[in-house]
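# An overview of the molecular structure
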Amino acid sequence: MASVTLKNVSKSFGAYDVIRSIDLEIEDGEFMVFVGPSGCGKSTLLRLIAGLVPVCEGDVFIGGEQVTDVPASKRGLAFVFQSYALYPHMNVSRNISFALETARLGKDEIRRRVTKVAEMLKISHLLDRRPRQLSGGQRQRVAIGRALVGQPEVFLFDEPLSNLDADLRMEMRFEIAKLHADVKTTMIYVTHDQTEAMTLADRIVILNWGRIEQVGRPRELYDRPANRFVAGFLGSPRMNFAPLDRAASSGGVLRGVGGFYHATEFAGADIPVEIGLRPEALKLVSAETKGTIRGTFERMEDLGYEYVCYVRLSETLVWTVRSTGSPPAFAEGEVVGLGWQPENLYLFGEDGRRIEHDGAVQLASGASL
Ligand SMILES: Nc1ncnc2c1ncn2[C@@H]1O[C@H](COP(=O)(O)OP(=O)(O)OP(=O)(O)O)[C@@H](O)[C@H]1O
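Residues numbered from 1 in each chain as written. Predicted model: local features only at pLDDT ≥ 70, side-chain atom pairs only at ≥ 80, totals over all residues.

### Thoughts on the site of the ligand
Heads up, the rule is: Nearness between a residue and a molecule or strand is assessed with a C-beta atom placed from the backbone; a distance within 6 Å qualifies. Secondary structure follows DSSP: runs of H or I at least 4 residues long count as helices, runs of E at least 2 residues long count as strands, and numbering of each begins at the N terminus. In this classification, the charged set is Asp, Glu, Lys and Arg, the nonpolar set is Ala, Val, Leu, Ile, Met, Phe, Trp, Tyr, Cys and Pro, and all remaining amino acids, among them Gly, are polar.
Surrounding the ligand, one finds Phe 13, Val 18, Gly 36, Ser 38, Gly 39, Cys 40, Gly 41, Lys 42, Ser 43, Thr 44 and His 192. Among the elements that line the shell around the ligand, the one with the most residues is helix α1 (residues 42–50), at three residues. Of the residues that constitute the shell around the ligand, the class distribution is three nonpolar, seven polar and one charged.

### Let's talk about the sheet that holds strand β4 (residues 57–62)
Adjacent strands of a sheet form backbone hydrogen bonds with each other and so pair up, either parallel or antiparallel. Inclusion rule: Strands are treated as partners if at least two bridges between them are detected by DSSP. We call two residues in contact if the C-beta atoms placed from their backbones are at most 7 Å apart. Orientation is described by axes fitted as lines to C-alpha atoms, over the contacting stretch for helices, and by angles from 0 to 180 degrees between their N-to-C directions.
Strand order in the open sheet formed by four strands is β2-β1-β4-β5, and the pairing between neighbours is antiparallel. The sheet terminates laterally at β2 (16–26) and β5 (65–66), the two strands that pair on one side only. When β4 meets β5, the two strands line up antiparallel, connected through two bridges. Across the sheet, the residue bridging to Phe 61 is Gln 66, located in β5. Sitting on the sheet, α1 touches β1 (4–13), β2 and β4, and the angle it makes with β2 is about 60°.

### Topic: unusual backbone geometry
Following Ser 236, the chain continues to Pro 237 via a peptide bond in cis, the omega torsion being -5°. Here Pro 237 is to be found in the loop between α8 (228–233) and β11 (240–248).

### Details of helix α2 (residues 92–102)
The criterion, for reference: Exposure classification rests on a simple neighbour count of other C-beta atoms within 10 Å of a residue's own: a residue reaching 20 or more is buried, one at 12 or fewer is exposed, and one in between is partly exposed. C-beta atoms are placed from the backbone.
Among the residues of α2, Val 92, Ser 93, Asn 95, Ile 96, Ser 97 and Leu 100 are the ones counted as buried. Each element contacted by the buried residues of α2 is listed here: α3 (107–120) and α4 (136–149). Arg 104 sits one or two residues past α2 and shows a positive phi near 60°.

### Observations regarding the UniProt feature "domain: ABC transporter" (unreviewed entry) in the protein chain
What counts, and what does not: UniProt positions are given in the numbering used here, feature names are shortened, and annotations may be inferred rather than shown by experiment.
UniProt marks residues 4–234 with the feature "domain: ABC transporter" (unreviewed entry), using the numbering shown here. The span residues 4–234 carries 37% helix and 26% strand; its end-to-end C-alpha distance comes to 25 Å.

### Side note on the domain arrangement of the protein chain
Where we set the bar: Just so you know, the domain bounds were taken from an automatic or database domain assignment.
Segmentation of the protein chain into domains returns domain 1 (4–230) and domain 2 (237–363). Taking only C-alpha atoms into account, the centre of domain 1 sits 39 Å from that of domain 2. The interface is formed by five residues belonging to domain 1 together with five residues belonging to domain 2. A breakdown of the residues in the side of domain 1 that touches domain 2 according to their chemical character gives three nonpolar, one polar and one charged.

Here you go:
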């Protein structure tokens, strides 16, 4: 087990800056997940840690040792890819043991380790099969087994479950969480799947354009996003936003929607220019309800365990409302009210940063739009 530290790490491909001055500390035994939009640099960052691509600037430390110029094979890491990368002509047992044979470990030690790993991953009955005789989930277990058997200091996973169907993903997610609880090895995991990130991570790194937007525990990022990007990235459906036209230093009007807001006090002198509300923080009520804003009911998606309603606030703004229980009986085109608790309202400043507020930001009573 080892910690991983990045100091001022940058990477460019030609003139294209893919990773921009990243500082990051991953603790010994931690499960760290990298998420972010496609192309933001998640895999590249993982490969820089692995030593599969060289950094342009900065340093990488593993277990406190500077490994910036140490080749991948000497960094004490194991990499699990989306594509499994199993040897097709070898059976499962040899796929798992091959690296140990190359490292000239004793036969008994190899057998002991393969047996243990196979039991852990529930693939003991598959040891004589070839990869093509396995399902996707079984292949991924073998790939994990192969990584595990080398007893690495750090595990690196690059979208390991994205080739699997929904049920298998869930099963494997559970297995990986269990594996981490068992072996307690530091794990760094790249995914674009929010559920994987939220459920597996001790901490999540949210990347955007090669920079870190925020690092924190899943719940912390969800409840207290540092900025609009993080707020909009986590959550499905995503957070509803609306621009605020400043009317006074202590309030504003929702652009294109109306509705006056006022706040007794903001932390600092930031002026909010945008509001955000999560779909589950909104309540659909009748249009006459005071202290709500109005919109037009457009559509509902009933998923059985929850429903999502689409409400048009203006020509350009459609908000989503997510809830469980019996779906509301509004008709398409009907005018409805949207209400929320003041403490669930997010405010963002001009630079996109979230502005703390004291929960006293609210619709002026009886606002009529
Ligand atoms: N070897 C390379 N040469 C040139 N450009 C590269 C190379 N590897 C990655 N890139 C570019 O760097 C950017 C980041 O790629 P990377 O694979 O790290 O993103 P990602 O966040 O993992 O994306 P995805 O979620 O789509 O896999 C992309 O625009 C990609 O095209």
